[in-house]
Amino acid sequence: MKRVVIFASGAGSNAENIIKYFENSSHVSVQKVFCNKKNAGVFDRCLHLNIACEWFSREEFSYSEVILNKLKDQADFIVLAGFLWKIPEPMVKAFPNKIINIHPALLPKYGGKGMYGMNVHKAVKDNLEKETGITIHFVNEHYDDGAIIFQAKTELETSDSPEDIAQKIHALEYKHFPKIIEETILKDG
Ligand code: GAR
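I will try to describe carefully the structure that is included in this document. Note that this is a predicted model, so its numbers are computed, not measured.

Structural notes on the site of the ligand
Line of reasoning, step 1. Neighbouring the ligand are 13 residues; G12, S13, N14, G117 and E173 lie closest to it.
Line of reasoning, step 2. In the environment of the ligand, an oxygen atom lies 3.4 Å from a nitrogen or oxygen atom belonging to the backbone of A11.
Line of reasoning, step 3. At 2.8 Å, a backbone N or O of G12 approaches an oxygen atom of the ligand.
Line of reasoning, step 4. Protein chains shield 91% of the accessible area of the ligand, which is 450 Å² for the free molecule.
Line of reasoning, step 5. Elements supplying a minimum of two residues to the shell around the ligand: α1 (13-21), β5 (99-103) and α7 (162-188).
Line of reasoning, step 6. Grouping the constituent residues of the shell around the ligand by class yields five nonpolar, seven polar and one charged.

Written out as structure tokens, the structure is:
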């Protein structure tokens, strides 16, 4: 059984979708969720899903080995589902090609620091893009830069608001992210 730990910073709708997808899996088990924001919606979701959700501080995550050591004990794979902090280098080194992120745009477009959530969709709208999409990729030392595992596109109408774009992106995320996580883990053997 491969153990997955999810990191989230916000509403946690992807985290919920992933947890539900693997609920009855015989090869992947979601162990817990880690969250860096005390009042994030993901805590409530985890409560209802009966899965542990643990808050951690910047100090524990970025400047000490507290979270890294917990991960070494508890995780084979790490999934970033709307997680907004940069992954520290020792964590990347300890989990090479085992940290999977989802980004709500077609990288390398609309990636990098500050490009998350609605900021991405507003930029896509401002640039009059005719399409956008999702990118699922391995995490390396740089923001949104690791090897791409999967991308999917969606067409945009000129009338689409950033909120409409977010909705289209979420639909793609719910459809593909759990399956791609599963495939990636199974390929790893
Ligand atoms: C998702 O759209 C995810 O792709 C994005 O945040 C949203 C979280 O929604 N992630 C990033 O922007 C990371 N750079 P959720 O909390 O409902 O899953």
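Some details on the packing of aromatic side chains
Line of reasoning, step 1. Enumeration according to the criterion identifies 12 aromatic pairs in this entry.
Line of reasoning, step 2. Note on F7 and F34: the rings are 5.2 Å apart at their centroids and 25° apart in plane angle, and the pair reads as stacked. You can see F7 sitting in strand β1 (residues 2-8) and its partner F34 sitting in strand β2 (residues 28-35), a full 27 residues away along the chain.
Line of reasoning, step 3. Judged by its relative accessible area of 1%, F7 is buried.

A look at the environment of L156
Line of reasoning, step 1. Here L156 is to be found in the loop between β7 (148-155) and α7.
Line of reasoning, step 2. By relative accessible area, L156 is classed as buried at 11%.
Line of reasoning, step 3. Each C-alpha atom, one on L156 and one on M1, is 40 Å from the other, the two residues being 155 residues apart in sequence.
Line of reasoning, step 4. Setting aside residues no more than four positions away along its own chain, L156 makes contact with V124, E129, K130, E131, T132, I165 and K168.

Observations concerning the nonpolar core
Line of reasoning, step 1. Counting residues in each nonpolar core, the largest one holds 39 residues, and the members touching the most others are I6, I18, I19, V42 and F177.
Line of reasoning, step 2. The contacts of V42, once residues within four sequence positions are left out, are A8, G10, A11, G12, A15, V33, C35 and C53.
Line of reasoning, step 3. Formed by 19 residues, the second largest nonpolar core is a distinct cluster that contains F34, F56, L68 and I87.

Things to note about unusual backbone geometry
Keep in mind that most residues, glycine aside, have a negative phi and that most peptide bonds are trans.
Line of reasoning, step 1. With an omega dihedral of 10°, the bond running from L107 to P108 counts as a cis peptide bond.
Line of reasoning, step 2. Phi angles above zero are rare outside glycine, and N97 is one such case at about 55°.
Line of reasoning, step 3. Tracing the chain through its elements places N97 in the loop between α5 (89-94) and β5.
Line of reasoning, step 4. Residues other than glycine seldom take positive phi values, yet Y110 does so here, at roughly 60°.

So, helix α2 (residues 42-49)
Line of reasoning, step 1. Buried within α2 are the following residues: V42, C46 and L49. Each buried residue of α2 lies within a common arc of 65° when the element is viewed along its axis, so the set occupies one face. Exposed and facing more than 90 degrees away from the buried side of α2 are L47 and H48.
Line of reasoning, step 2. At its buried positions, α2 is contacted by β1, α1, β2 and β3 (53-55).
Line of reasoning, step 3. Immediately beyond the C-terminal end of α2, within one or two residues, lies N50, with a positive phi of roughly 60°.

Criteria and cut-off values
As a convention, each chain's residues are numbered from 1 in the sequence order in which they are written. Restriction of local features to residues with pLDDT of at least 70 applies here, the model being predicted, together with a cutoff of 80 or more for giving and counting side-chain atom pairs; totals for whole chains, interfaces and linings are based on all residues. The basis for every side-chain value is the complete set of non-hydrogen atoms in the structure, without hydrogens or water. The near set for a molecule or strand comprises every residue that places at least one heavy atom within 4 Å of it. Polar contacts, as used here, are pairs of N or O atoms within 3.5 Å; protein pairs need one atom able to donate a hydrogen and one able to accept it. Residues neighboring in sequence count only if both atoms are side-chain atoms. Residue burial considers only the protein chains on display, and all accessible areas are found by Shrake-Rupley using a 1.4 Å probe. Strands here mean DSSP runs of E at least two residues long; helices mean DSSP runs of H or I at least four residues long; both are numbered from the N terminus. Any residue outside Ala, Val, Leu, Ile, Met, Phe, Trp, Tyr, Cys, Pro, Asp, Glu, Lys and Arg is labelled polar, Gly included; the first ten of those are nonpolar and the last four are charged. When the centres of two rings from Phe, Tyr and Trp lie within 6.5 Å, Trp using its six-membered ring, the rings pair. Their planes under 30 degrees apart give stacked, over 60 give edge-to-face, and anything left gives tilted. With a 1.4 Å probe rolled over the protein chains alone, any residue whose accessible area is under 20% of its type maximum counts as buried; one over 50% counts as exposed, and the rest are partly exposed. The contact rule is simple, with two residues in contact once any of their heavy atoms fall within 4.5 Å. In these notes, a set of buried Ala, Val, Leu, Ile, Met, Phe, Trp, Tyr and Cys residues joined through side-chain atoms within 4.5 Å is what counts as a nonpolar core. Note that the arc is defined by the directions from the helix axis to the C-beta atoms.

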